Amino acid sequence: MSSRRNDMGLVPVPRELNANAKIFIWDFDVAALFVFGFAIGIMVGSLIVGAILGVLFSKAWSKIRQGRAKGFGIHTLYWYLPGKPFRRSPESFRRNFMG
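Residues numbered from 1 in each chain as written. Predicted model: local features only at pLDDT ≥ 70, side-chain atom pairs only at ≥ 80, totals over all residues. Heavy atoms only, no water.

K.L.:
Could you clarify how one ought to interpret the environment of Leu53 in this entry?
P.N.:
As for its placement among the helices and strands, Leu53 is situated in helix α2 (residues 47-65). By relative accessible area, Leu53 is classed as partly exposed at 24%. Excluding residues within four positions of it along the chain, Leu53 makes contact with Gly37 and Ile40. (Helix = DSSP H or I, 4+ residues; strand = E, 2+ residues; numbered from the N terminus. Buried < 20%, exposed > 50% of the residue type's maximum accessible area, 1.4 Å probe, protein only. Contact = heavy atoms within 4.5 Å.)

Listed below in structure tokens is the structure:
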């Protein structure tokens, strides 16, 4: 129980209830794009190219996302990925469900 307390014995409270996931100081989606670009560079055989691609991908996404809603990335994936992988509600014509 004491592991969640800080030096003064207080439990830290997040500033926002619906805060986005972060990796260090970066948002998760920006960090994931950097790792994706870095992985492409590793596959190509050059770490420098991968680091440059990762920085370019993450900077471009940050500029696209700037001034938009918090869930802009998930909303974009929902509308533009084929097959609608994020859809969890059943079709509206279904009346009987098993289970």
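That was the structure; now back to the text.
K.L.:
Sorry, what's going on with the layout of surface pockets here?
P.N.:
Where empty space is left in the structure can be found by rolling a water-sized probe over the atoms. In this structure, the largest pocket encloses a volume near 380 Å³. For the largest pocket, the lining is made up of 16 residues, of which Asp29, Trp61, Gly73, Ile74 and Leu77 are closest to its centre. Every element with two or more residues in the lining of the largest pocket is listed here: α1 (28-44), α2 and α3 (72-80). Looking at the lining of the largest pocket, the element that brings in the most residues is α3, giving 5 residues. Grouping the constituent residues of the lining of the largest pocket by class yields 8 nonpolar, 4 polar and 4 charged. (1 Å grid on protein atoms, 1.4 Å probe; cavity = no way out; pocket = protein on both sides within 12 Å on 5 of 7 lines; lining within 4 Å. Points joined across faces, edges and corners; volume = space filled by probe spheres on them. Nonpolar A, V, L, I, M, F, W, Y, C, P; charged D, E, K, R; others polar.)

K.L.:
What's the story with a nonpolar patch on the surface in this structure? I'm lost.
P.N.:
Together, Ile23, Phe24, Ile25, Trp26 and Phe28 make up an exposed nonpolar region whose accessible area comes to about 630 Å². By the secondary structure assignment, Ile25 is in the loop between β1 (22-23) and β2 (26-27). By relative accessible area, Ile25 is classed as exposed at 69%. (Patch = residues over 30% accessible without salt bridge, like charges linked within 9 Å, V, L, I, M, F, W, Y side chains within 5 Å. Areas by Shrake-Rupley, 256 points an atom, 1.4 Å probe, with all protein chains shown as cover. Salt bridge = Lys/Arg side-chain N within 4 Å of Asp/Glu carboxyl O.)

K.L.:
Is there a simple way to explain the confidence of the model for the protein in this structure?
P.N.:
Close inspection of predicted coordinates is inappropriate for parts of the model with low pLDDT. Considering every residue of the protein, the mean pLDDT works out to 80; 88% of them sit at 70 or more. Confidence, read as mean pLDDT per element, is least for α3 in the protein (79) and greatest for α2 (91). (pLDDT = per-residue confidence, 0-100.)

K.L.:
Sorry if this is basic, but what is going on with the packing of α1 against α2 here?
P.N.:
Packed helix pairs are specified by the crossing angle of their axes together with the interaxial distance, meaning the distance between the axes. Interaxial distance between α1 and α2 falls to 7 Å at its minimum, and their mutual angle equals 150°. For the element pair α1 / α2, the angle class is roughly antiparallel. Both α1 and α2 take part in a crossing whose hand is right-handed. Here Asp29, Val30, Leu33, Phe34, Phe36, Gly37, Phe38, Ile40, Gly41 and Ile42 of α1 come into contact with α2, specifically with Leu47, Gly50, Ala51, Leu53, Gly54, Val55, Phe57, Ser58, Trp61, Ser62 and Arg65. Taken together, the residues of the contact of α1 with α2 break down into 13 nonpolar, 6 polar and 2 charged. (Axes fitted to C-alpha atoms, helices over the stretch in contact; angles between N-to-C directions. Parallel < 35°, antiparallel > 145°, perpendicular 65-115°, else oblique. Left-handed = near helix turned anticlockwise from the far one by under 90°.)

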